[in-house]
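# Summary of the model geometry
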Amino acid sequence: MHDADLNSDNLNSEMDIAALPFSQACENNKQPILEVLQTELQGCNHVLEIGSGTGQHSVYFAPHLSHLKWQTSDVISNHRHIMAWHHAYPAPNLYSPLAFDLAHDSVPVSSHLDSGHLNSSYVDKPYDVIFTANTLHIISWALVERLFALASDALPVDGKLIVYGPFNEDGKYTSEGNQRFDAMLIAGNPDSGIRDKEDIVSLANAHHLQLLKTYAMPSNNQLLVFRKR
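Computed from a prediction, not measured in an experiment: that's the story for all the values here.

## Overview of the pairing of strand β4 (residues 129-133)
Counted residue by residue, β4 has 5 buried out of 5 residues, so it is predominantly covered. In β4, alternate side chains face the same way, and those of Val 129, Phe 131 and Ala 133 on one face and Ile 130 and Thr 132 on the other are all buried. Pairing of strand β1 (residues 46-50) with β4, which is carried by 3 bridges, proceeds in the parallel orientation. Within β4, the position partnered with Leu 48 by the bridge is Ile 130.

In structure tokens:
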């Protein structure tokens, strides 16, 4: 967002639409995730997406959830990719990525909030939903802990944290595919790996986040919905 080139009218010439950064996983799971979000985000106002990646999810979700604001965020190095997707598929409720490095930063606050609706409680807790997909198995456990701590601090009471990805059940893999995927992750980074759902729920409870519902998703993934107590 801070790179002047991101707002250039020449962005399409610099990065052809057909050559946009592409995640097949995002393409495969966007509709099943959206169907859950359309239920879970009724009555919600402002989503912060942590780890927006390529930006594919944001440009798909925002137009289908036009009643709310969808705020993207990620490390600076991914902003150009996200902005390329936003430029190709704009939506009035879709906002440019905020700089957010989970290892160092606090939850970023957007600058587009309507000042006419800024009471003191809203300024303190501007997001009523935090969404993240395919992050917990990529980052270290220390950063998983930090994500839940920051989410709890940022959300108001009854706000939601929604997490998508693969999880183990009762300390066991839910499929052979997940077992192979986990081995690949750990080979690349010993600090990564598929997390045990029970550990995630315990961590959430420690930060006043209660598991409301688990949705079974395609390809042995799950979507977990937590609510701030």
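## Examining unusual backbone geometry
The residue Asn 134 is not glycine, and still its phi comes out positive at about 55 degrees. Taking relative accessible area as the criterion, Asn 134 reaches 24% and is therefore assigned partly exposed. Of note in this structure, Ser 219 is not a glycine but carries a positive phi near 60 degrees. Topologically, Ser 219 is positioned in the loop between β8 (209-217) and β9 (221-228).

## Some words on the layout of surface pockets
Picture a little ball the size of a water molecule; that probe, rolled over the atoms, points out where space is still empty. Estimates place the volume of the largest pocket at around 520 Å³. As for the largest pocket, its lining consists of 23 residues, and the residues nearest its centre are Gly 51, Gly 53, Asp 74, Asn 134 and Thr 135. Taken together, the elements giving at least two residues each to the lining of the largest pocket come down to β1 and α6 (141-154). Considered class by class, the residues forming the lining of the largest pocket number 11 nonpolar, 9 polar and 3 charged.

## Things to note about the confidence of the model for the protein
Mean pLDDT for the protein: 90, with 86% of residues reaching 70 or above. Across residues 1-15, where pLDDT falls below 50, the model places 27 contacts with residues more than four positions away in sequence or in other chains. Below pLDDT 50 for its whole length, residues 115-121 participates in 3 contacts with residues either more than four positions away or in separate chains.

## What to know about the sheet that holds β1
Each strand in a sheet pairs with another by means of backbone hydrogen bonds, the pair being arranged parallel or else antiparallel. Spatially, β3-β2-β1-β4-β5-β9-β8 is the arrangement adopted by the 7 strands of the open sheet, whose pairing is mixed. Each end of this open sheet is capped by a strand with a single partner; those strands are β3 (94-99) and β8. Going across the sheet, the axis of each strand differs from the next one's by a mean of 20 degrees, ignoring polarity. Inspection of the sheet shows β8 paired to β9 by 8 bridges, in the antiparallel sense. Paired with Thr 214 across the bridge in β9 is Leu 224.

## Side note on the packing of aromatic side chains
A complete count under the given rule lists 6 aromatic pairs for this structure. Ring pairs connect the aromatic residues Tyr 60, Phe 61, Trp 70 and Phe 131, which therefore count as one cluster.

## Section: the nonpolar core
Of all hydrophobic cores here, the largest spans 28 residues; its most connected members are Leu 37, Leu 41, Phe 61, Trp 70, Phe 131 and Leu 223. Listing elements by their share of this core, those giving two or more residues are α2 (24-40), α3 (56-64), α4 (79-88), β4, β5 (160-165), β8 and β9. Among all residues touching Phe 61, those that are not within four sequence positions of it are Lys 30, Ile 33, Leu 34, Leu 37, Trp 70 and Phe 131. Core analysis: the second largest hydrophobic core is formed by 26 residues, Ile 139, Val 163, Ile 200 and Phe 226 among them.

## Description of the packing of α2 against α3
Following both chains from N to C, one finds α2 and α3 inclined at 35 degrees, their axes separated by 10 Å at the closest point. The two elements α2 and α3 meet at a crossing, and its hand is right-handed. In contact with Cys 26, Glu 27, Asn 29, Lys 30, Gln 31, Ile 33, Leu 34, Leu 37 and Gln 38 of α2, α3 contributes Gln 56, His 57, Tyr 60, Phe 61 and His 64. Among the residues making up the contact of α2 with α3, the classes are represented as 6 nonpolar, 6 polar and 2 charged.

## Describing the pattern of salt bridges
Close approach of charged atoms allows side chains with opposite charge to pair. Under the defined criterion, the tally for this structure stands at 3 salt bridges. Glu 27 is the partner of Lys 30 in a salt bridge, and the nearest nitrogen-oxygen pair spans 3.2 Å. Of the two residues, Lys 30 and Glu 27 both sit in helix α2, 3 residues apart, roughly one turn of that helix. Here Glu 27 falls in the partly exposed class, since its relative accessible area comes to 33%. One salt bridge connects Glu 40 with Lys 160, and the closest N-O pair in it is separated by 2.7 Å. Highlighted residues: Glu 40 in helix α2 and Lys 160 in strand β5, separated in sequence by 120 residues. The two residues Glu 40 and Lys 160 agree in class, both being buried.

Cut-offs and rules
Throughout, a residue's number is its position along its own chain's written sequence, starting from 1. For this predicted model, a pLDDT threshold of at least 70 governs which residues receive local features, and a threshold of 80 or more governs which side-chain atom pairs are given and counted, while totals over whole chains, interfaces and linings are taken from all residues. In computing side-chain values, all of the structure's heavy atoms are included and hydrogens and water are not. For every residue, the accessible area (1.4 Å probe, protein chains only) is compared with the maximum for its type, and the residue is labelled buried under 20%, exposed over 50%, or partly exposed between those bounds. In this text, helices come from DSSP runs of H or I with a minimum length of four residues, and strands from runs of E with a minimum of two, each type numbered from the N-terminal end. At least two bridges found by DSSP between two strands are what make those strands a pair. Cavities and pockets were defined on a 1 Å grid built over protein atoms only: a cavity is a set of grid points that admits a 1.4 Å probe from which the probe cannot escape, a pocket is an open set flanked by protein on both sides within 12 Å along at least five of seven lines, and lining residues are those with an atom within 4 Å of any such point. Grid points are joined across faces, edges and corners, and a volume is the space filled by probe spheres set on the points. Gly is placed with the polar residues, together with every amino acid not listed as nonpolar (Ala, Val, Leu, Ile, Met, Phe, Trp, Tyr, Cys and Pro) or charged (Asp, Glu, Lys and Arg). A residue's pLDDT is simply how confident the predictor is in it, with values from 0 to 100. When checking whether two residues touch, look at their non-hydrogen atoms; a contact exists if any pair is within 4.5 Å. Between N-to-C directions, angles cover 0 to 180 degrees, with each direction set by a line fitted to C-alpha atoms, over the stretch in contact for helices. Any pair of Phe, Tyr and Trp rings, taking the six-membered ring for Trp, is counted once the centres come within 6.5 Å. Such a pair is stacked with planes under 30 degrees apart, edge-to-face with planes over 60 apart, and tilted for the rest. Note on terminology: a nonpolar core comprises buried Ala, Val, Leu, Ile, Met, Phe, Trp, Tyr and Cys residues joined through side-chain atoms within 4.5 Å. Left-handed describes a crossing whose near helix is turned anticlockwise from the far helix through less than a right angle; right-handed describes the clockwise counterpart. Here, a salt bridge means any side-chain nitrogen of Lys or Arg that lies within 4 Å of a carboxyl oxygen of Asp or Glu.

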